[in-house]
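Coordinate inspection notes
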Amino acid sequence: MSQQTLPGFHRRRQRLRHLLLIALILGSNVLLVAYVHNVVAIEERIRQIHRLQRVCDSLESVALFYQQQLIRMEMPERIVPAAERYGFQLPTVPPWYLPPAREQLGP
């Protein structure tokens, strides 16, 4: 090789190193941004999950309240005096209810 080609070769090699270094820095920055974005997205999802859990707990407590209220309203101690007030007569024999067996219901 001649003396003139060696400096050109070194310059090209040095330029290639600079380009590779810049590409490496840009690539690492892209990966860092993607990582931070994922962390932020995960934190947001965790906040949403906690918010939905609080709403679910609230709805469960409301459902429990209404179930208790329904049980209180269906109590015989409440229904019998109301029936007597309206003139209904209570049966002398308590009614029997036997649900049909599953075999009789069919497929």
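1. Here's the deal with the overall build of the protein chain
Of regular secondary structure, the protein chain possesses three helices and zero strands. Beginning at the N terminus, the succession of helices and strands in the protein chain can be written as α-α-α. When the 107 residues of the protein chain are sorted by exposure, 2% land in the buried category. Of the roughly 10,800 Å² of accessible surface on the protein chain, a fraction of 66% belongs to carbon and sulfur atoms.

2. Comments concerning a nonpolar patch on the surface
On the surface, Leu32, Tyr35, Val36, Val39 and Val40 cluster together into a nonpolar patch covering about 460 Å² of accessible area. The class of Val40 is partly exposed, set by a relative accessible area of 49%.

3. Points about the pattern of salt bridges
Using the criterion set out here, one finds one salt bridge in the structure. Between Arg47 and Glu44 there is a salt bridge, with the nearest N and O atoms lying 2.6 Å from each other. Of this pair, Arg47 and Glu44 both sit in helix 1 (residues 5–73), three residues apart, which is roughly one turn of that helix.

4. Brief notes about the confidence of the model for the protein chain
Summary statistics for the protein chain give a mean pLDDT of 86 and a share of 86% for residues scoring 70 or more. Per-element mean pLDDT across the protein chain ranges from 58 in helix 3 (residues 102–105) up to 94 in helix 1.

Rules behind the numbers
- Residues numbered from 1 in each chain as written.
- Predicted model: local features only at pLDDT ≥ 70, side-chain atom pairs only at ≥ 80, totals over all residues.
- Heavy atoms only, no water.
- Helix = DSSP H or I, 4+ residues; strand = E, 2+ residues; numbered from the N terminus.
- Buried < 20%, exposed > 50% of the residue type's maximum accessible area, 1.4 Å probe, protein only.
- Areas by Shrake-Rupley, 256 points an atom, 1.4 Å probe, with all protein chains shown as cover.
- Patch = residues over 30% accessible without salt bridge, like charges linked within 9 Å, V, L, I, M, F, W, Y side chains within 5 Å.
- Salt bridge = Lys/Arg side-chain N within 4 Å of Asp/Glu carboxyl O.
- pLDDT = per-residue confidence, 0-100.

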